[in-house]
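Chain by chain, the residues run as shown.
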Number of protein chains: 4
Amino acid sequence: MTHQTAMSPAMQQCIEDCQRCHNICLQMAMDDCLRLGGKHVAPDHFRLMRDCAEICETTANFMLGSSSKHAEVCGVCADICEACAQSCAQIGNMDDCVKACQQCADSCRKMIGSATQRPAGAQAGHGASARM
Amino acid sequence: MTHQTAMSPAMQQCIEDCQRCHNICLQMAMDDCLRLGGKHVAPDHFRLMRDCAEICETTANFMLGSSSKHAEVCGVCADICEACAQSCAQIGNMDDCVKACQQCADSCRKMIGSATQRPAGAQAGHGASARM
Amino acid sequence: MTHQTAMSPAMQQCIEDCQRCHNICLQMAMDDCLRLGGKHVAPDHFRLMRDCAEICETTANFMLGSSSKHAEVCGVCADICEACAQSCAQIGNMDDCVKACQQCADSCRKMIGSATQRPAGAQAGHGASARM
Amino acid sequence: MTHQTAMSPAMQQCIEDCQRCHNICLQMAMDDCLRLGGKHVAPDHFRLMRDCAEICETTANFMLGSSSKHAEVCGVCADICEACAQSCAQIGNMDDCVKACQQCADSCRKMIGSATQRPAGAQAGHGASARM
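This write-up is about the structure you can find in this document. (Residues numbered from 1 in each chain as written. Chains lettered and ligands numbered in written order. Predicted model: local features only at pLDDT ≥ 70, side-chain atom pairs only at ≥ 80, totals over all residues. Heavy atoms only, no water.)

1. Focus: the interface of chain A and chain D
Taken together, the contact pairs 10 residues of chain A with 10 residues of chain D. Both faces combined, the contact of chain A with chain D buries some 970 Å², and carbon together with sulfur accounts for 72% of it. When the area that chain A buries against chain D is broken down by residue, the three leading residues are A:Met30, A:Leu34 and A:Arg47, summing to 49%. Linking chain A with chain D are zero salt bridges, by the criterion used here. (Contact = heavy atoms within 4.5 Å. Buried area = accessible area lost by both parts, 1.4 Å probe. Salt bridge = Lys/Arg side-chain N within 4 Å of Asp/Glu carboxyl O.)

What follows is the structure, encoded as structure tokens:
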């Protein structure tokens, strides 16, 4: 089949923002933070980086998987992204991560408002786009 | 080091229940449900099985990772486990899955009440037990 | 810090291809395959879709995490992507998935040849780019 | 249904060993290693801890998901577990992690030898046990 979509542009954007945030948190934690050491590997900060990477991955998967529960997961993801952005801002020199976390939190908040809306799979007759 | 623990017995139990629920949902989805077909692969049911497996895995990882955000993730996990238990009960012949989901939901609810309590790593001078 | 990169363009492309393949496999399995039923939920086919989604996710994470073991994981990922592409081609009407799996397999094979090359984090003085 | 099993005892043991190794690597990395600092957060060591936790999780999921490709994933898992065990032994005071990694590597090696054997789901008429 040619893959057509009933997935809203907002949800496609949210998946993209979750995956970008996941990528940056995982990369910076395992590269920059470990190389720089000091406050960059302080337990509270580093754990938030890991938490944020994982919840973003899971949240993207819920939307990709046409889950009826995606809005609730988006809510938790937004909270954790905001906490991670704040921690990164306090550490300093983590601007890319701060920005990715804030953008992901914003996108996730928009999904909560549209909680009655199901991902593509729940709507009749359409496949979900995977071109993102 | 010998691995000693400051992790509460309730949290150790919750990790164990999350992983058991993950295992049963994943196994039954990819084995029993696919072999039996029919209502067992109805989109709404099968997606809940996937959702439940993934959120249980993530929730266990938050507690294993000494996350300060575990209680919020436990809350979402409990909701999804309850929805999955209900779906499995309606399908019928999914007793093991119903039971594992309910037990996981109960354990997760207990974690929410103790939200101010941090996992082991946040408490001074102790390692977390990994014997579970 | 501003995020600069020592990650090779080939590795950046491989991460992108792994994540695209993960996305398409997960989306089509949980949307198109479940809606269409029949041969689309045949156990052998559907399990390969799940396997492919998960190994692609893991392989991307190994590269994002500056792992010294990424080439070995890329090798397994390429094999599973090829098996999934073949299964999708036999089922028919899964062109997007066939294409994504083949492209991911090709990118992963290129990583194996450059196995002595470490991801960005292992090279002195540079952060890894997360702009992908 | 009551959940009966055609899964071999060796595979059940391997799933258990993978999940135990995942748990210990994740817990010790995010608790002990971050608290102790120094060589415990040296990039090469810490990345292996993360790699090992993730490949063990993925390997367990392949077996739980009745994958026909589990033996190949077990092979990579065994290699990474051995590298992690060696790194932990060099760091010192990581005995629980060394032991869990070695046991997981041994279990995974046994799966490779039985590569023609499929997980439970591939065998007619039986469900896979999820009691582990």
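Still more ground to cover, so stick around.
2. A look at the environment of B:Ile24
Residue and element names in this part refer to chain B. Relative to the helices and strands, Ile-24 is located in helix H1 (residues 9-36). The buried category is assigned to Ile-24, whose relative accessible area is 6%. Sequence spacing of Ile-24 and Val-98 is 74 residues, and the spatial spacing of their C-alpha atoms is 9.7 Å. (Helix = DSSP H or I, 4+ residues; strand = E, 2+ residues; numbered from the N terminus. Buried < 20%, exposed > 50% of the residue type's maximum accessible area, 1.4 Å probe, protein only.)

3. Details of the relation of the copies chain A and chain D
For the pair of chain copies, the relating operation is a rotation around an axis with a shift along it. You can overlay chain A on chain D at an RMSD of 0.0 Å; the transform is a turn of 180° with a shift of 0.0 Å along its axis. Both copies are brought into coincidence by an operation consistent with a two-fold rotation axis. No C-alpha of chain A approaches the rotation axis more nearly than that of A:Val41, which lies at 3.9 Å. Counting the interface residues of chain A, we find that 100% of their copies in chain D are interface residues as well, pointing to one common contact surface. (Least-squares fit on C-alpha atoms with pLDDT ≥ 70 in both.)

4. Brief notes about the packing of helix H1 (residues 9-36) of chain A against helix H3 (residues 70-91) of chain A
Residue and element names in this part refer to chain A. The interhelical angle for the contact between H1 and H3, taken along N-to-C directions, is 40°, at an axis separation of 12 Å. Comparing the axis directions of H1 and H3 gives the class oblique. For the crossing formed where H1 meets H3, the hand is left-handed. Touching Met-11, Cys-14, Cys-18, Cys-21 and Cys-25 of H1 are His-70, Cys-74, Cys-77, Cys-81 and Cys-84, all from H3. The residue makeup of the contact of H1 with H3, split by class, is nine nonpolar, one polar and no charged. (Axes fitted to C-alpha atoms, helices over the stretch in contact; angles between N-to-C directions. Parallel < 35°, antiparallel > 145°, perpendicular 65-115°, else oblique. Left-handed = near helix turned anticlockwise from the far one by under 90°. Nonpolar A, V, L, I, M, F, W, Y, C, P; charged D, E, K, R; others polar.)

5. Some points on the side chain of C:Thr58
By the element assignment, C:Thr58 lies in helix H2 (residues 43-64). The contact partners of C:Thr58, leaving out residues within four places of it in the chain, are D:Glu54, D:Ile55 and D:Thr58.

6. Description of helix H2 (residues 43-64) of chain A
Residue and element names in this part refer to chain A. The terminal C-alpha atoms of H2, which comprises 22 residues, lie 32 Å apart, in line with the 32 Å expected from a rise of 1.5 Å per residue. Counting buried positions along H2 gives 20 out of 22 residues, so the element sits mostly inside the fold. In the segment just after H2, Ser-66 is the residue with positive phi, at about 55°. (Expected span 1.5 Å × (residues − 1).)

7. Re the packing of aromatic side chains
As enumerated under the stated definition, the model contains two aromatic pairs over all chains in all. Summarising the aromatic geometry, the rings of A:Phe46 and D:Phe46 are spaced 5.2 Å apart at their centres and angled 85° between planes, so their arrangement reads as edge-to-face. Of this pair, A:Phe46 sits in helix H2 while D:Phe46 sits in helix H2 (residues 43-64), on two different chains. The residues A:Phe46 and D:Phe46 share a single accessibility class, namely buried. The lysine or arginine in question, B:Arg50, covers the ring of A:Phe62, its NZ or CZ lying 5.5 Å from the ring centre. (Phe/Tyr/Trp six-rings, centres within 6.5 Å; stacked < 30°, edge-to-face > 60°. Lys NZ or Arg CZ within 6 Å of the ring centre and 35° of its normal.)

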